Structure formats: structure tokens, C-alpha cells
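Chain by chain, the residues run as shown.
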Amino acid sequence: MSTTYKGSCFCGAVTIEATGAPAGMGYCHCGSCRSWSASPVNAFTLWKPEDVRVAEGEDALVSYAKTPASERAFCKKCGGHVLTRHPGFGLVDIFAATLPDLAFIPQLHVNYAETVLPMHDGLPKLKDFPAELGGSGESVPE
């Protein structure tokens, strides 16, 4: 039986569910994620689209795509972030903090070449993205 993790926007008008296990977890250091999350680093969880659903408040969910790589969805009532669809990757990103019952176990850092907050945690640091997601797959030092 698969576990279902529940989360919501800041005001609770939009709720989401992610079922099973994430396809990956880690930290993104790119400028877009830093700006969107208002943080020096973004903790992400990646899911197959079929494992994520908007349980309530679909009508309050709006999105913005700065680039074709990321469609960032948020609540139009409170502005709270809900998820980011990455069509080129075939994955959906849900901020780790949005799913409070999910044990966040990061596997790597992506876009570490753009970091403004060096993190010395022994995890792999990729210059951009893994090769299987269209990146160079190149590691950079901590």
C-alpha cells in the first residue's frame, strides 16, 4: 500500500496529494528557484505527474511560466506556492516543506555552479542537471 502525503498552499485553499515515493529529492541553487522560493536554496521533491493531484481548490490554482522548463503553480488567494511542473523532465516538483509528513532525504545538489550558499554536506554537487535530465552531469567541488 502506498503512502499519500498531503500539503497545501499558505491559506489552505489549495490542497495537494503526492502518492508513493518521490523520484528524487535534493537542493536546487539556480537563480530562478532562489527567487521563486525567496531563499538562498530550494529543497525540492520530484514526483511523476500521475502521483500528484490537486485534491481541493483547483479553481484557486494559477500558474506562471518564466521559461518553458518550469510552470510554477500557486494559490491566487494567498500566493502560496503549491507545485512546479517540469514538462521537459516529465516531473512535478513540490517544495519539501509543502509536504510536512514526508521525510526529506536529499540525494544531490543541482545548479551548484550558481550557489550563493555553499553547503558542505558530502552530497554530490552538480554544475547543472544530471545528464539523464538534459544537463551536463558534471560534478563541481563543495
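Read on for a plain summary of the structure.

Concerning unusual backbone geometry
Argument step 1. Of note, the phi angle at Ala 38 is positive, near 55°, even though the residue is not glycine.
Argument step 2. Within the element layout of this structure, Ala 38 appears in the loop between helix H1 (31-37) and strand S4 (42-47).
Argument step 3. You can call Ala 38 exposed: its relative accessible area is 73%.
Argument step 4. Phi is positive for Asn 111, which is not a glycine, with a value near 55°.
Argument step 5. Relative to the assigned elements, Asn 111 resides in the segment after strand S10 (108-110).

Things to note about the layout of surface pockets
Argument step 1. Considered as a void within the structure, the largest pocket measures approximately 410 Å³ in volume.
Argument step 2. What lines the largest pocket is a set of 27 residues, among which Cys 28, His 86, Phe 89, Asn 111 and Phe 129 lie closest to the centre.
Argument step 3. The set of elements that each furnish at least two residues to the lining of the largest pocket consists of strand S3 (24-28), H1, S4, strand S6 (61-67), strand S7 (70-75), strand S9 (91-95) and S10.
Argument step 4. Among the residues making up the lining of the largest pocket, the classes are represented as 15 nonpolar, 8 polar and 4 charged.

Section: the pairing of strand S8 (residues 81-86)
Argument step 1. Looking at chain direction, S7 and S8 are connected through 4 bridges and run antiparallel. Bridge assignment links Phe 74 to a residue of S8, and that residue is His 81.
Argument step 2. Hairpin connection, S7 to S8: the antiparallel pair is bridged by 5 residues, and Gly 79 has positive phi, about 80°.
Argument step 3. Looking at chain direction, S8 and S9 are connected through 3 bridges and run antiparallel. Bridge pairing in S9 links Arg 85 to Val 92.
Argument step 4. Turn length for the S8-S9 hairpin, with the two strands adjacent in sequence and antiparallel, is 4 residues, and the turn residue Gly 90 shows positive phi of about 70°.

The rules we used
- Residues numbered from 1 in each chain as written.
- Predicted model: local features only at pLDDT ≥ 70, side-chain atom pairs only at ≥ 80, totals over all residues.
- Heavy atoms only, no water.
- Helix = DSSP H or I, 4+ residues; strand = E, 2+ residues; numbered from the N terminus.
- Buried < 20%, exposed > 50% of the residue type's maximum accessible area, 1.4 Å probe, protein only.
- 1 Å grid on protein atoms, 1.4 Å probe; cavity = no way out; pocket = protein on both sides within 12 Å on 5 of 7 lines; lining within 4 Å.
- Points joined across faces, edges and corners; volume = space filled by probe spheres on them.
- Nonpolar A, V, L, I, M, F, W, Y, C, P; charged D, E, K, R; others polar.
- Pairing = 2+ DSSP bridges.

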